[in-house]
Amino acid sequence: MDISIRLEEENDYQNVEYLTREAFWNIYKPGCVEHLLVHKIRKVPAFVKKLSFVACHDKKIVGNIIYSKGKIVNDEHNKYEVLCMGPIGVLPSYQRQGIGSSLMHYSIDKARQLGYKAVILFGDQNYYGRFGFLNAIEYRIKTSAGENFEAFMALELYDGALHGISGRFYEDEVFKIDENELEIFEKGFPYKEKRVTSTQL
Ligand SMILES: CC(C)(COP(=O)(O)OP(=O)(O)OC[C@H]1O[C@@H](n2cnc3c(N)ncnc32)[C@H](O)[C@@H]1OP(=O)(O)O)[C@@H](O)C(=O)NCCC(=O)NCCS
């Protein structure tokens, strides 16, 4: 499929939120929160506008990826800036055709060119492993709660970028979503039925 990737523009915002809702609906919970997340991330200083990309087929936006700045804080309270990837979404009818992978490769290259050290994300090991992500514990990085699990992954953007950087990872506060806020935001979208599905396990 002929896909082009370009920076997201303000004119795209509504479209991308709609797309994100379509991609995530009923996948991780009944309904979803990611369209609100995308909406909010763009308004905070942690947002990395230069790494917010859309994938287009003809002129239609069919996928997007967004990054924000987070930090790793070590035991001595030193802070190291890293990128936090997500959400990434592809319209359901366009999934499994390489668009998500293109967005990942493209944005990782750009992040490297911009001089960032590393990308942290929460996601499926099988999927993100193919882009070089490792369980964050390989770099002695834990979550803000001091935990580690398979889905918590890190990617160095150049050799040794995370050398000597270990500690807890803190994503931006914007990721704390209020259910009431979600309910109000959701009213701006066409009705969709919330369901419990097997992917939510
Ligand atoms: C995840 C997502 C962005 C991938 O985009 P995509 O264009 O479908 O992915 P690609 O075509 O590049 O890659 C497809 C491969 O990824 C795998 N894959 C896709 N989504 C996956 C997921 N959530 N978990 C694990 N593997 C996944 C497919 O099995 C497929 O593997 P294969 O090539 O071995 O058959 C897209 O499926 C999506 O929007 N999903 C819903 C939202 C979501 O879960 N986002 C990620 C949150 S971490």
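Above: the structure in question.
Residues numbered from 1 in each chain as written. Predicted model: local features only at pLDDT ≥ 70, side-chain atom pairs only at ≥ 80, totals over all residues.

Engineer: Quick rundown of unusual backbone geometry? Include the residues and the values.
Structural biologist: Residue Pro-87 is reached from Gly-86 by a cis peptide bond, and omega for that bond is 0°. Among the structural elements, Pro-87 can be located in strand β4 (residues 79-90). Unusually for a residue other than glycine, Arg-140 sits at a positive phi of about 55°. By the secondary structure assignment, Arg-140 is in the loop between β6 (134-135) and β7 (141-143). Its 14 C-beta neighbours within 10 Å are what place Arg-140 among the partly exposed residues. (Helix = DSSP H or I, 4+ residues; strand = E, 2+ residues; numbered from the N terminus. Buried ≥ 20, exposed ≤ 12 C-beta atoms within 10 Å, placed from the backbone.)

Engineer: Describe the site of the ligand, naming the residues involved and giving the relevant values.
Structural biologist: The full set close to the ligand counts 19 residues, and Gln-95, Gly-100, Ser-101, Gly-123 and Asp-124 are the nearest of them. Those elements giving two or more residues to the shell around the ligand turn out to be α1 (13-24), β4, α3 (99-113) and α4 (125-129). Ranked by the residues each element gives to the shell around the ligand, the list is headed by β4, at five residues. (Near = placed C-beta within 6 Å.)

Engineer: With reference to specific residues and values, describe the nonpolar core.
Structural biologist: Counting residues in hydrophobic clusters, the biggest one holds 48 residues, and the most contacted among them are Leu-83, Ala-118, Val-119, Ile-120 and Ala-154. For Val-119, the contacting residues outside a window of four places in its chain are Val-82, Leu-83, Met-85, Ile-108, Ala-111, Leu-155 and Leu-157. (Core = buried A, V, L, I, M, F, W, Y, C linked by C-beta atoms within 7 Å. Contact = placed C-beta atoms within 7 Å.)

Engineer: Pulling in residues and values, what's your account of the environment of Gly-115?
Structural biologist: Inspection of the secondary structure assignment puts Gly-115 in the loop between α3 and β5 (118-122). Here Gly-115 falls in the exposed class, since 8 other C-beta atoms lie within 10 Å of it. Distance from Gly-115 to Tyr-158, taken between C-alpha atoms, is 9.1 Å for residues 43 residues apart in sequence.

Engineer: Tell me what's going on with the pairing of β4, and back it up with residues and numbers.
Structural biologist: Counting buried positions over the twelve residues of β4 gives nine, a clear majority of the element. In this structure, the hairpin formed by strand β3 (residues 60-73) and β4 is closed by a connection of five residues, where His-77 is found at a positive phi of approximately 70°. Relative to β5, β4 runs parallel, the two being bridged by two bridges. Across the sheet, residue Cys-84 finds its bridge partner in β5, namely Ile-120. (Pairing = 2+ DSSP bridges.)

Engineer: If you had to explain the environment of Asn-74 to someone new, which residues and values would you point to?
Structural biologist: Within the secondary structure, Asn-74 sits in the loop between β3 and β4. Assessed through the 15 C-beta atoms surrounding it within 10 Å, Asn-74 is described here as partly exposed. Placed 92 residues apart in sequence, Asn-74 and Ser-166 show a C-alpha to C-alpha distance of 5.8 Å.

Engineer: Which residues make up α1, and what values do they have?
Structural biologist: In this model α1 runs 16 Å from its N-terminal to its C-terminal C-alpha over twelve residues, within 8% of the 16 Å that 1.5 Å per residue would give. What α1 keeps buried is the set Val-16, Glu-17, Leu-19, Thr-20, Arg-21, Ala-23 and Phe-24. Looking at the buried positions of α1, the neighbouring elements they touch are α2 (34-41), β2 (53-57), β3 and β4. Looking one or two places after α1, you find Asn-26, whose phi comes out positive at around 65°. (Expected span 1.5 Å × (residues − 1).)

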